[in-house]
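Below, each chain spelled out in residue letters.
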Amino acid sequence: MPAEMRYQLTSMKFWGYESGQTKPGKLGMGWKSLVDLLYKGERYLLTLTLPLLLVQEIRAYMSMGSRHFFSFLDLSFTLSFWCKIVSSLAEVHGREEVSISQVNCAPLGLIKAILASRFISIFSFFLPYNKLDKMPGPESVACGEENKMRNVSIYVQSLKFWEISASLLPPLVIVLWLHGKEKGRISLPKLCCMMMVLDLLSSGPTGTAISQTIETISEFLVTANDVLVKKDSFKELGAYMERIKPVLEELRKGKVSDSETLNRAIETMNKEIKDAKLLALECSKKSRFYLLMNCRSIVNKLENHTKHLSSALGLLPLATTDLSSGIVEEIEKLCENMQTCRFKAALDEEEILEKIDSGIRENNVDRSYANKLIFLISEAVGISNERSAIKLELEEFKSEIEKARDRKELAEAMQMDQIIALLERADAASSPRDKENKYFAKRQSLGSQILEPLQSFFCPITQDVMVDPVEISSGQTFERSAIEKWFADGNKSCPLTWIPLDTSILRPNKKLKQSIQEWHDRNIMIRIATLKEKILSGNDEEVLRDLQILQNLCEEKDQHREWVILENYIPTLIQILSKKRDITKHSLVILGMLAKDNEEAKRKISTTDRAIESIVKSLGRRAEERKLAVSLLLELSKYDMAREHIGKVQGCILLLVTMSSGDDNQAARDATELLEKLSYSDQNVIQMAKANYFKHLLQRLSAGPEDIKMIMATTLAEMELTDHNRESLFDGGVLVPLLHMFSHNDLRVKTVAIKALRNLSNSKKNGQEMIRQGAARPLLNLLFNQSIYTACLWEDIATIIVQLAASTISQDAQTPVLLLDSDDDVCNLFSLVSVSEPVVQQNIIQTFYALCQTPSASYIRTKLKEYSAVPKLVQLCENENQNLRASAVKLLSCLVASCDEAIIQENVNQKCINTLLRIIKSSSDKEEILSAMGIICYLPEMDQITEWLLDAGALPIITSYVQNRRDRDHLRNNLVENAIGALCRFTVPKNLEWQKSAAETGIITDLVQLLENGTPLTKQRAAQSLTQFSNSSFRLSRPIPRRKGLWCFSAPADIGCMVHGGICSVKSSFCLLEANAVGPLTKTLGDSDPGVCEASLDALLTLIEGERLQSGSKVLAEANAIPHIIRYLGSHSPGLLEKSLNALERIFRLVEFKQMYGPSAQMPLVDLTQRGNGRVRSMSARILAHLNVLHDQSSYF
C-alpha cells in the first residue's frame, strides 16, 4: 500500500477531526468512503482504520460532559476488549497489507449483537412515526404502531436497516455509554454507519466474493453493449448472467456459512465472468476486421464460458442447504439452458470466412473478387464502403497483426498476413498512387523484351505451354487434361519413361504453375505497355488489330484491365472515339470493361477532357454503337462525378429518352436505368420532362418535399406541351397532387398549382377528366369569391374555366359532363362580367360561348336570356377592348337566333347596327366578323331593322363577302352562309324597292353561282332568296310593245319571256330564266340535304304558279326537273313530300305531261295512298284520278 494512502487512513483530518481538537458528529471524507471501500473488497483497509476511528470518536464525546443524555447502553467488557486490539492493529498498519486472517472478527459480531438487542428502544424513541413509514417491511406501512415496531425489529439484523437509519436519524441525537469508570457519547447516525460496516465485515469471505461476482456481472453487461461483433451472442450470455444475479443476491442476504465447495464455486464463477468481461472488452476495442476473422474463436470462448459458469452454478445447491426450493429449481433450469446452448458464427460470417479460405488456397483471385469480398466484410462489420473507412480499418487490422506477432502468436500472424495479402488486391486497400508506384517499379524491373517460355513450361504430350501442370507418380509433369486423356485411352505407363504408373496420383505442380503464371504475366505486362504507342501512331487497320488484341487481353483477366488503366490507356481510347465506326466500337467495349466495378477507371474517364461528351455523341449513331455507349454511361453513372457530368451534356437526356422507347430491349432498359440514376438532380428531372419523359417529375410532384413540388409544378406551368403530353401527364396521375397544392393555404403554392392546371387543362380529354374528378367546383368557388388575392390568379382561374368549357364541346353523349350544373352557377358566373377585369370578362364570355356549343346549349341560352345577358352583350359590343368586344359579339350571335322579338326591339337600335357593320368592315378577327354577320342574319325581319341596315349601307358590305370567292376555307364558307342569310331580308316580295336595291348589287347572279359551289346551308338560303325574287318577276315583267307602222319596215319585236310573257331581265324583273337559274336549281334537286331540295323546289315552282302552269311546266320538263319531283314522292321529309304532291297535281292537269310522266308516278302515288296520312292520301288519290287510275268517287277522297 502506498505511503500516501497509509497516511490518509491514519490521519484524523482525513476522517473529519482537526488537529488538536475533537468535535464529534462532523463527517469527513473517510466516513463517506467506508461502504465504497467495503464493496470494492478492500476489507483489510477497514479492519485497519475502523477501530482507530471508533476510539477517536469515543474520546471526542467524553470531552463534552453529560449533557444531551437520552439513553443508556451497557457495552459490557466486549468494547473494552476490542479497544485493546486497536494498538496492535496500529502497530502493523504500515505493512503493505493486513490479511483478513490477522484480525479477530469475533468481537465485531459480539458488539453488533449487543447493540442490536438494545437499539430498538433508541430507534423508537427518537425516530418520528412518519419516518417509520419509510422503513421496509413485510406488512403495510398503514398498519398500527405494533406492526411498525415489528417491521423495524425484523430488519434490525440486516444491512438495509443500518443504511436507512443512518439517513433518517437526526445527527445531534447521542447515546451515552459507560464502562467501569469511563463514560462517553456517540451520535446515532454515525453509530448506524458503524453498524452497517460491522454487519458486512461479519459476513465472512464468501459474502465479499459474492458481492464482487455481482459487481462483475454488472460490469460485463455494460461492456457487452459496446462489442463490435457477435452482439447477439454476448447478449445471450448477458441474459444468462442476469438470471444468475438474483441467485447470488439471495445467497448474500442469507448469510451462508463459508465452505470449501461454496468458495470454489463462487471463485470459478467470478473467474469466468471476469474472463468474459475481458473478452467483451477486447471485442469492443480491437479492429473489426480482426474480430471478424476470429469470430469462430470468439463464439467458442463464449460457449466455454457459458458451460463453465453452468458447472459452477450447479455446485451451489450442493455447497449450502440455506437456499430455498424456488432458488434451487431456478438454478437447475438455468444450468440446463446454459449446458445446451450453442454459439455459432452467422451465415454471412461463415460465407466470408469460406471465401477467404478459398482465395488463399487458389492464390490467383483477381481484383474484382477482392473488391466483392471487402465489401461483404464491410457490410458484415457495419462500416461504410467508402475507401477511406476501409483503408483505416485495414490499417487497424495490420496493427493487430503486429501485436499478435509481438505476443509470439506467430501462427495467427502468418494466417492474418495471408488474409491481408488477399484483401490488399481490392481497390479500397491502397491509393491509386500506391498502386501506380508499385506497378511501374515492377514493370521497369522486367525490361522491355518478350521472353520465350522455358522448355519445362511445355507439356510433353501437347507441346503447348501448360495451364494446369500436374505431376504423376513417375515424377514427370504434364498438362492435366492431356494426361487424363492419356489414362482414359487405357495407357498405364508414363508417356516419357514408360514406367508403370499409379493412375490415381495427379499432384498439382504449384511451383511450376506459379512460374508459368509469372512468365505469362511478365510478357503481357510488356505487351500492354508497348501497344499504346502503336494505337496512337498506326493506320486504321493496324489500330483496329491492336485494339482487338487489347480487348482480348482485357477479357482474359481482371488484372490485365488493371494494368491497362495504370498504363493510362483511357485518354488514348477517348481520343480515337471519333475515328471509324469499328474503331469506335472497340474503344467503347474496352472502356466499358475498364469501368466495370472500378472506381479509379471511372474517375479517370470522368476527368479526361471531353470524354463524357464523346461517349454521349455515340448515343446518336448506329444501333450497336448506341447500345455500347449507353451501357458505358450507365456504368459511369455509379461514380458521382461522372453522373453529374452526364446530366449536363447537352442533348444527352433527350437521346436517352428516345432510346428508352426504342426497339432494342437491352438498350432501352439501360437508357431507362440511366435516366433513373440521373433523376437524383432536379434539373435533370426538368430536362427529362422537357423531353416528354415525365415519370420522375410526377414522382417528385407527388411525394417530394414542398420546395421540390413547387419547382416541379412551376416547370409544368412553363412548359410548352402538346395535347399528347398533357394527356400523358394526366394518365400518370398529375391531377391529384396539383389539386392538393391548389388547396394549400400558402398563396404561392396555390398560384403555382393553378398555373400548372391552366397549362394542362388545355386539352379536351384532360378538361373532361378534371370535371369528372371534381376539379371544377373548387375553381368556380374561388372564382366566385370576389376577394381573390391577385388579378393574375383570377385571370388564370378564368382561363382554366374557359378551357374546361371548351372540352365539353362534341363530347361523348353516353357519358356527358357538365361544367355548370345549377342555375346559381350560371348566374354567379355571368354576374362576374359586370365586376371583373377585361381579361376575366373575356374569359367568362368565352366560357358561355363554348357552352352554347355543347349538348347543354339550349339550357345555357335560356338562362342567359333570363339573366339579361343580351343588353350587357350589346353594351360590350361597343367596348374599346377588341378581344373583349369580339367575345361579346360571338356570344351575342349565339343568343340572337332564339331571342324573342321583344328583346331584340328593346336592345338593338341604329347604333348597334352601325357597330356591327363597322366590325364587319374593319375587324381583323375573322370569327368576330362571322359572328357579327350572324347577328344580322338572325335579326328578325322587322321593317325598322331593315331600314336601319339600308341606311347604314349594309347591302354593299354584305354582298362584298358573297362576291369574294377567295380563300374559301371553313370559316369563309360560314361567313358566306351568314351573309346570304342577312341578304334574305332584302329579297322579300313585299318591298320591291328593297328587292331592286339588292338586285342592283348583282347579287342574283352570285346566288345562282352559289347553288353550284356553296355549302348546303348556302345553297338553301340562296334558293330561298331566288324564290322571293322570282315571286315578284311576273309583276315586274314588262309587256312587249306593239310594232308601229308597217311591220316589214319596223324594228323586230322584242322576244318575250317564255314563262312571264313579257320582257324580263335579271336586275329589273329578277327572272330565273334570264339569270340561268333553272338548271342549277334543278341540279340541286338531287342534293342529299332535304332543306336544299325543298328550297330549290320552292324556287322552281314559282314558274308554274297561276296562269304560268303551261309555260312553266314546259320549262321544268326541258330542265328535267319533273322526274326529281316524282322521286320526292318517296321522301321522308313531310314538307318536300307535300310540295311535290301539290306540284304534280297541277302539272298532271296537262294532258301531255300526264301522258309523259304519269306512268312513272303511279306506283309511288299508290304507295302513298296506303301508308300516308289523311292529307297525303287524299292528295295522292286526286293525282291518281287525274291519271285515270282512281274514280272520282273513290273513298280515298
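Residues numbered from 1 in each chain as written. Predicted model: local features only at pLDDT ≥ 70, side-chain atom pairs only at ≥ 80, totals over all residues. Heavy atoms only, no water.

A few words on the environment of S1133. Within the element layout of this structure, S1133 appears in the loop between α62 (1122-1127) and α63 (1134-1147). For the pair S1133 and P1090, spaced 43 residues apart in sequence, the C-alpha separation works out to 6.8 Å. (Helix = DSSP H or I, 4+ residues; strand = E, 2+ residues; numbered from the N terminus.)

This part takes up the side chain of T847. By the secondary structure assignment, T847 is in helix α44 (residues 838-851). At a separation of 2.8 Å, a polar atom in the side chain of T847 contacts the main-chain carbonyl oxygen of N843. Excluding residues within four positions of it along the chain, T847 makes contact with I801, V802, A805, L819 and L829. (Polar contact = N/O pair within 3.5 Å; in protein donor to acceptor, adjacent residues only side chain to side chain. Contact = heavy atoms within 4.5 Å.)

Turning next to the sheet that holds strand β5 (residues 477-479). Ordered in space as β5-β4-β6, the 3 strands form an open sheet in which the pairing is antiparallel. A strand with exactly one partner marks an edge of an open sheet, and here the two such strands are β5 and β6 (507-508). Relative to β6, strand β4 (residues 469-471) runs antiparallel, the two being bridged by 2 bridges. Considered in β6, the bridge of V470 is made with P508. Contacting β4, β5 and β6, helix α22 (residues 480-488) runs over the sheet at an angle of about 95 degrees to β5. (Pairing = 2+ DSSP bridges. Axes fitted to C-alpha atoms, helices over the stretch in contact; angles between N-to-C directions.)

In this section: the UniProt feature "coiled-coil region" (unreviewed entry) in the protein. The feature "coiled-coil region" (unreviewed entry), as annotated in UniProt, sits at residues 387-414 in this numbering. Span residues 387-414 is 89% helix and 0% strand, its end C-alpha atoms 25 Å apart. (UniProt positions renumbered as here; feature names shortened; annotations may be inferred.)

Attention now moves to helix α50 (residues 926-938). Taking 1.5 Å as the rise per residue, α50 with 13 residues should run 18 Å; its terminal C-alpha atoms sit 18 Å apart, in good agreement. Counting buried positions along α50 gives 10 out of 13 residues, so the element sits mostly inside the fold. Buried within α50 we find E928, I929, L930, S931, A932, M933, G934, I935, I936 and C937. The residue sitting at the N-terminus of α50 and contributing the capping side-chain oxygen is D925; that oxygen lies 3.0 Å from the backbone nitrogen of E927. (Expected span 1.5 Å × (residues − 1). Buried < 20%, exposed > 50% of the residue type's maximum accessible area, 1.4 Å probe, protein only.)

Attention now moves to helix α17 (residues 347-362). Between its first and last C-alpha atoms α17 spans 22 Å; for 16 residues at 1.5 Å apiece the expected length is 22 Å, and the two agree. For α17, the complete set of buried residues consists of E349, I352, L353, I356 and G359. Down the axis, α17 shows its buried residues gathered within 125 degrees of arc, on one side only. For α17, exposure combined with an orientation more than 90 degrees from the buried face picks out L347, E354 and R361. (Arc of directions from axis to C-beta.)

As a further point, take the packing of aromatic side chains. Per the stated rule, a full pass over the model turns up 5 aromatic pairs. Between F220 and F234 the ring centres are 6.4 Å apart and the planes differ by 35 degrees, which places this aromatic pair in the tilted class. Of this pair, F220 sits in helix α11 (residues 205-224) while F234 sits in helix α12 (residues 231-253), and the two are 14 residues apart along the sequence. What makes F220 buried here is its relative accessible area of 0%. Here F830 and F848 contribute two aromatic rings whose centre-to-centre distance is 5.7 Å and whose plane-to-plane angle is 70 degrees, an arrangement assigned as edge-to-face. With F830 in helix α43 (residues 823-831) and F848 in helix α44, this pair connects stretches of sequence that are 18 residues apart. Accessibility expressed as a relative area gives 6% for F830, which makes it buried. The cationic tip of R643 hangs over the ring face of Y680; the distance from NZ or CZ to the ring centre is 4.4 Å. Residue placement shows K750 over the ring face of F742; its charged tip is 5.2 Å from the ring centre. (Phe/Tyr/Trp six-rings, centres within 6.5 Å; stacked < 30°, edge-to-face > 60°. Lys NZ or Arg CZ within 6 Å of the ring centre and 35° of its normal.)

Once that is clear, we can look at empty space enclosed by the protein. Under the criterion given, the structure shown has 3 cavities of 30 Å³ or more. In this model, the second largest cavity occupies a volume close to 100 Å³. Lining of the second largest cavity is provided by R387, D427, S430, P432, K435, E436, E562, I565, L566, N598, E600 and K604. Residue assignment for the lining of the second largest cavity shows that the elements contributing at least two residues are α21 (432-446), α25 (558-566) and α28 (599-607). (1 Å grid on protein atoms, 1.4 Å probe; cavity = no way out; pocket = protein on both sides within 12 Å on 5 of 7 lines; lining within 4 Å. Points joined across faces, edges and corners; volume = space filled by probe spheres on them.)

What follows deals with a negative patch on the surface. A contiguous patch of negative charge on the surface is contributed by D348, E351, E354, D357 and E379. Among the elements that take part in the negative patch, α17 stands out by supplying 4 residues, more than any other. Following the sequence through the fold, E379 ends up in helix α18 (residues 367-381). (Patch = residues over 30% accessible without salt bridge, like charges linked within 9 Å, V, L, I, M, F, W, Y side chains within 5 Å. Areas by Shrake-Rupley, 256 points an atom, 1.4 Å probe, with all protein chains shown as cover. Salt bridge = Lys/Arg side-chain N within 4 Å of Asp/Glu carboxyl O. Lys, Arg positive; Asp, Glu negative; His and termini not counted. Charge placed at Lys NZ, Arg CZ, Asp CG, Glu CD.)

The next subject is the packing of helix α38 (residues 735-742) against helix α39 (residues 747-760). Taken N-terminus to C-terminus, the directions of α38 and α39 make an angle of 145 degrees; their axes are 7 Å apart at the nearest point. Taken as a pair, α38 and α39 cross one another with a handedness that is left-handed. Along the contact surface, α38 presents L735, L738, L739, M741 and F742, while α39 presents V749, K750, A753, I754, A756, L757 and L760. Classifying every residue of the contact of α38 with α39 gives 11 nonpolar, no polar and 1 charged. (Left-handed = near helix turned anticlockwise from the far one by under 90°. Nonpolar A, V, L, I, M, F, W, Y, C, P; charged D, E, K, R; others polar.)

Further remarks concern the pattern of salt bridges. Enumeration according to the criterion identifies 43 salt bridges in this entry. Through salt bridges with shared partners, a single ionic network connects D468, R480 and E484.

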